[in-house]
Amino acid sequence: MGIALRAATDAEVGRVYGADARHIVGTSDGVAIAYIGFNRIGDDMWGMFHPFCPAERSVWARLFYVFRRELREHTEPVYVLARDAEASRVLRLLGFAPTGDTSMGKEVWQWMPAQ
């Protein structure tokens, strides 16, 4: 019996995070600039953002609007952790608000869908 590790398939990720999990990469001219993901943890939908590389300010501005459009597709609250003051600033621009809670030493923010 050989034991090994490999990358998880999309179906396997779906088994862990649910069918509504989304993993998206924002690109500019075919280059992956940032990752955004939505995963169900317990009863809540959690979002993640991770920049891959530096990019021009104009690229980040365009990605911001694309990511905001994706966020607005959600029909339930989305929670995220703010890693620093810059992340908090961007979260506020996206329509998130601090919940007053912390997790893993980071502030929890919540986005609510438009009613």
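As shown above, the structure is provided for reference.
Fair warning: this is a prediction, and the values are worked out from it, not measured in the lab. Throughout this document, residue positions are counted from 1 along each chain, in the order its sequence is written. Only residues with pLDDT of at least 70 get local features here, since the model is predicted, and only at 80 or more are side-chain atom pairs given and counted; chain-wide, interface and lining totals rely on the full set of residues. To obtain the side-chain values, all non-hydrogen atoms of the structure were used and water was disregarded.

## A short note on a nonpolar patch on the surface
A patch consists of residues exposed above 30% relative accessible area that lack any salt bridge, with like charges linked at up to 9 Å and nonpolar side chains (Val, Leu, Ile, Met, Phe, Trp, Tyr) linked at up to 5 Å. Per-residue and other accessible areas follow the Shrake-Rupley method at a 1.4 Å probe size, with only the shown protein chains counted as cover for residues. What makes a salt bridge here is a side-chain nitrogen of Lys or Arg within 4 Å of a carboxyl oxygen of Asp or Glu, nothing more. Taken together, the side chains of Val16, Tyr17 and Ile41 define a hydrophobic patch exposed on the protein surface, amounting to about 280 Å² of accessible area. By the secondary structure assignment, Val16 is in helix α1 (residues 10–17). Strands here mean DSSP runs of E at least two residues long; helices mean DSSP runs of H or I at least four residues long; both are numbered from the N terminus.

## Focus: the nonpolar core
Throughout, nonpolar core names a set of buried Ala, Val, Leu, Ile, Met, Phe, Trp, Tyr and Cys residues whose side chains join them through atoms within 4.5 Å. Remark: exposure states derive from per-residue accessible area (1.4 Å probe, protein chains only) relative to the maximum for the residue type, with buried under 20%, exposed over 50%, and partly exposed in between. Counting residues in hydrophobic clusters, the biggest one holds 19 residues, and the most contacted among them are Phe38, Leu71, Val78, Leu91, Phe96 and Trp109. Counting only elements with at least two residues in this core, the list comes to β2 (31–41), α2 (57–71), β4 (78–82), α3 (85–94) and β6 (106–111). Here this core gets 5 residues from one element, more than from any other, and that element is α2. Any two residues whose heavy atoms approach within 4.5 Å are treated as being in contact. Sequence-distant contacts of Phe96, that is, excluding residues within four places in its chain, are made with Leu71, Val78, Val80, Leu91, Trp109, Gln110 and Trp111.

## Some remarks on the pattern of salt bridges
Taken as a whole, this structure holds 5 salt bridges when the rule is applied. Of the charged contacts, one joins Arg6 and Glu12 as a salt bridge, the two residues approaching to 2.6 Å between their closest N and O atoms. Using a relative accessible area of 27% as the deciding quantity, one classes Glu12 as partly exposed. Linking Glu86 and Arg89 is a salt bridge whose minimum nitrogen-to-oxygen distance equals 2.9 Å. You can see Glu86 and its partner Arg89 sitting in helix α3, 3 residues apart, about one turn around the helix.

## Considerations on the layout of surface pockets
Points on a 1 Å grid over protein atoms alone make up a cavity when a 1.4 Å probe fits among them but cannot get out, and a pocket when they form an open set with protein on both sides within 12 Å along at least five of seven lines; lining residues each have an atom within 4 Å of a point. Grid points are joined across faces, edges and corners, and a volume is the space filled by probe spheres set on the points. A volume near 1100 Å³ is recorded for the largest pocket. Of all the elements in the fold, those that place two or more residues in the lining of the largest pocket are β2, β3 (44–51), α2, β4 and α3. For the lining of the largest pocket, the element with the highest residue contribution is α2, accounting for 9 residues. By residue class, the composition of the lining of the largest pocket is 26 nonpolar, 4 polar and 6 charged. Residue polarity follows a fixed list, in which Ala, Val, Leu, Ile, Met, Phe, Trp, Tyr, Cys and Pro are nonpolar, Asp, Glu, Lys and Arg are charged, and the others, Gly among them, are polar.

## Focus: the environment of Gly100
As for its placement among the helices and strands, Gly100 is situated in strand β5 (residues 97–103). On the basis of relative accessible area, Gly100 is assigned to the exposed category, the value being 67%. When the C-alpha positions of Gly100 and Gln110 are compared, they lie 9.9 Å apart, and in sequence the two are 10 residues distant.

## A few points about unusual backbone geometry
One non-glycine residue, Asp29, lies in the positive phi region at around 55°. Considering the arrangement of structural elements, one finds Asp29 in the loop between β1 (22–28) and β2. Phi angles above zero are rare outside glycine, and Met104 is one such case at about 55°.

## Points about the pairing of β4
Consecutive side chains along a regular strand alternate between the two faces of the sheet. Judged by how many residues are buried, β4 sits mostly within the fold: 4 of 5 residues are covered. One bridge is not enough; two strands pair if DSSP finds at least two bridges between them. Pairing of β3 with β4, which is carried by 2 bridges, proceeds in the parallel orientation. Across the sheet, residue Trp46 finds its bridge partner in β4, namely Tyr79. Here the term right-handed applies to a crossover when the path leading from its first strand over the helix to its second strand runs clockwise, the strands being oriented away from the viewer. Handedness of the crossover is the feature at issue here: the chain leaves β3, passes through α2, returns alongside β4, and the resulting connection is right-handed. Bridge count between β4 and β6: 5 bridges; the pairing is antiparallel. Following the sheet pairing, Val78 is matched in β6 by Trp111.

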